[in-house]
Amino acid sequence: MKLLVLAMLLGLSLAQFSPHMKHGRTSLVHLFEWRWADIAEECERYLAPNGYGGVQISPPSESIVITNPWHPWWQRYQPISYNLCSRSGTENELRDMITRCNNVGVNIYVDAVINHMCGAGGGEGKHSSCGTYFNANTKDFPSVPYSDWDFNDGKCHTSSGDIENYHDINQVRNCRLVSLLDLALEKDYVRSKVIEYMNKLIDMGVAGFRVDACKHMWPGDLSIIYGSLNNLNTKWFSGGSRPFIFQEVIDLGGEPITSSEYTGLGRVTEFKYGAKLGKVMRRWDGEKLCYLRNWGEGWAMMPSDKALVFVDNHDNQRGHGAGGASIVTFWDSRLYKMAVGLMLAHPYGVTRVMSSFRWDRYFVDGKDKNDWMGPPSYGNGTTKPVPINPDTTCGDSWVCEHRWRQIRNMVIFRNVVDGQPLSNWWDNGSNQIAFGRGSRGFIVINNDDWILDDTLNTGLPGGTYCDVISGQKEGSRCTGKQVTVESDGRAYFKISNSEEDPFISIHAESKL
Ligand code: 5J7
Ligand code: CA
């Protein structure tokens, strides 16, 4: 018993739940497939000035290079070694990016692929992003080095060697995920290589990790790995800071492995959030916005202080994976802005904004045949830079949702209301809702097919506020709508259902 208590205390003291964001910032953005050089520029010219606290980057480790199909985005989820050259750039470019982002107070979180290496069919001497030799047939990865012994095959008892049944936890963790060579993380040696990789990145200045495919790794192994990580680099973080950990566990219910096995170790991605919010926004299955009154734990989601939340991610925005067709993405931009706005206004979880690239969607029988397509690239497969247009949007098929005025301004809203409780909830019993965050901010959303025309209690001090959805405050004027809050905190709102963006948001720093 004493030992158990000790172990739990140790577990808690090693717990890594804070993203360590600077200057009261609260959200991170996933710059999916961006080059390091572009991220460095973006930190300086856009993310820091607009209150973004951090960036999730694509896997920086050496990966396989696949040409059939042509350079798919998922090739980066098939590691060849922990060398730091990837489709996003060289180790020097990575280091430069980390330094420059840290210098403007924007944290970097690394996507760590540590459950597996490349696919068993990955061949011998095929292409890899640093040009390193490997042989997937003999499980030889000399530049780690890993060999045959470092993989789990002996412990997997399915006939294919792959995971065949998600109801068998031993299979899910010891067999190959879609044929990817499964690392034996219970071996000290394998863990030491993973720890060495992660510690190198910590020493370079990253603030934490998004850990890929955690459902497929034993919590006990992960606990040892996280516990062996260095504290963050004191050039940018206060002494004793533990790396922020958020673990990808896709748990929509119905499987024996649950997120709760991982919430003691670090934060966990809450996939129910986007799946359910998508249904609510689309009004599927009789869902209504008014039911969001108890959004969060009340909807059978994990505790707020354990959750990392998002409307869509790089995987489920392609109709893949968790949530299926209910997931709202930039392709449904009007609903998407509302959904992301709602997420950023609501106190639940640490929020992640998605920043995507467009691809040629091509549906056959409801499935996107082009869900594999990689980022905008030149004919030889090299990723293109992100060009910035004079109107601040991005060019060349980079979507840059994080630069959309409505989303960017709601990231600022979340910073302004940080620490305030949800307050002054209102709804019309249908799809019109409003809520505040103490006396610091208020949002009103109309997702019904008729007008919203009501006087609501905002909880804000009296005055004239600029709506940050239709515009924002610039100097002493509003570029969009204006809202007058009376001295009793009440304000009149009118939102037509046919408006470009049928929602309004005001906060303490948008007051004239
Ligand atoms: C794992 C889960 O536990 C889960 O619940 C889920 O929905 C998806 C995955 C999953 O994770 C991966 C992690 C990696 O690092 C690398 C990967 O390749 C995967 C992966 O493939 C994967 O599952 C794919 O998507 C699911 C919706 C399908 O049910 C799976 O069969 C699998 O689909 C496979 O995708 C195809 O069967 C295969 O033919 C194809 O080559 C392969 C292409 O790779 C991907 O689509 C990569 C997806 C991916 C998903 C992630 O969540 C992620 O973090 C990284 C990559
Ligand atoms: Ca595994």
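Computed from a predicted structure; not experimentally measured.

### What to know about the site of ligand 1
Thinking step 1. Around ligand 1 there are 18 residues in total, and Arg210, Asp212, His216, Glu248 and His320 lie nearest to it.
Thinking step 2. Side-chain polar atom of Asp315 to an oxygen atom of ligand 1: 3.2 Å apart, as the coordinates give it.
Thinking step 3. In the complex, 72% of the free accessible area of ligand 1, which totals 830 Å², lies under the protein chains.

### Thoughts on the packing of helix 8 (residues 333-345) against helix 9 (residues 405-416)
Thinking step 1. Packing of helix 8 against helix 9 leaves a shortest axis separation of 9 Å and a crossing angle of 10°. Judged by the inter-axis angle, helix 8 sits roughly parallel to helix 9. On the side of helix 8, the interface is formed by Tyr336, Lys337, Val340, Gly341, Met343, Leu344 and Ala345, while helix 9 contributes Gln406, Ile407, Met410, Val411, Phe413 and Arg414.
Thinking step 2. The residue inventory of the contact of helix 8 with helix 9, partitioned by class, reads nine nonpolar, two polar and two charged.

### A look at the state of the cysteines
Thinking step 1. Applying the stated rule across the entire model yields five disulfides.
Thinking step 2. Here Cys156 engages in a disulfide with Cys175; their sulfurs sit 2.1 Å apart. Across the disulfide from Cys156 to Cys175, rotation about the S-S bond amounts to roughly 100°, and the bridge is consequently right-handed. Taken together, the residues Cys156 in the loop between strand 4 (116-119) and helix 4 (169-174) and Cys175 in the loop between helix 4 and strand 5 (180-182) connect sequence positions 19 residues apart. With respect to class, Cys156 is no different from Cys175; both count as buried.
Thinking step 3. A disulfide bridge connects Cys466 with Cys478, and the sulfur atoms are separated by 2.0 Å.

### Considerations on the coordination of the calcium ion (ligand 2)
Thinking step 1. Surrounding the calcium ion (ligand 2) are the protein donor atoms Asn115 (OD1), Arg173 (O), Asp182 (OD), Asp182 (OD) and His216 (O), at 2.4 to 2.5 Å.
Thinking step 2. Each donor residue of the calcium ion (ligand 2) lies on the same chain, and together they follow the pattern N-x57-R-x8-D-x33-H. Of this pair, Arg173 sits in helix 4 while His216 sits in the loop between strand 6 (208-211) and helix 6 (219-227), and the two are 43 residues apart along the sequence.
Thinking step 3. By relative accessible area, which is 7% here, His216 ends up buried.

### A look at helix 8
Thinking step 1. End to end, helix 8 covers 18 Å across 13 residues, agreeing with the expected 18 Å (1.5 Å per residue, within 8%).
Thinking step 2. Looking only at helix 8, the buried set comprises Leu335, Tyr336, Lys337, Met338, Ala339, Val340, Gly341, Leu342, Met343, Leu344 and Ala345.

### Focus on the packing of helix 7 (residues 271-282) against helix 8
Thinking step 1. Interhelical geometry of helix 7 versus helix 8 gives an angle of 125° and a closest axis separation of 11 Å. On the basis of the axis angle, helix 7 is oblique to helix 8. Considering the relative orientation of helix 7 and helix 8, their crossing is right-handed. In this structure, helix 7 uses Tyr273, Leu277, Met281 and Arg282 to contact helix 8, whose residues at the interface are Leu335, Met338, Ala339, Leu342 and Met343.
Thinking step 2. Partitioning the contact of helix 7 with helix 8 into residue classes produces eight nonpolar, no polar and one charged.

Scoring rules and cut-offs
- Residues numbered from 1 in each chain as written.
- Chains lettered and ligands numbered in written order.
- Predicted model: local features only at pLDDT ≥ 70, side-chain atom pairs only at ≥ 80, totals over all residues.
- Heavy atoms only, no water.
- Near = heavy atom within 4 Å.
- Polar contact = N/O pair within 3.5 Å; in protein donor to acceptor, adjacent residues only side chain to side chain.
- Areas by Shrake-Rupley, 256 points an atom, 1.4 Å probe, with all protein chains shown as cover.
- Axes fitted to C-alpha atoms, helices over the stretch in contact; angles between N-to-C directions.
- Helix = DSSP H or I, 4+ residues; strand = E, 2+ residues; numbered from the N terminus.
- Parallel < 35°, antiparallel > 145°, perpendicular 65-115°, else oblique.
- Contact = heavy atoms within 4.5 Å.
- Nonpolar A, V, L, I, M, F, W, Y, C, P; charged D, E, K, R; others polar.
- Disulfide = S-S within 2.5 Å.
- Buried < 20%, exposed > 50% of the residue type's maximum accessible area, 1.4 Å probe, protein only.
- Donors = N, O, S within 2.8 Å, 3.2 Å for Na, K, Ca; no water.
- Expected span 1.5 Å × (residues − 1).
- Left-handed = near helix turned anticlockwise from the far one by under 90°.

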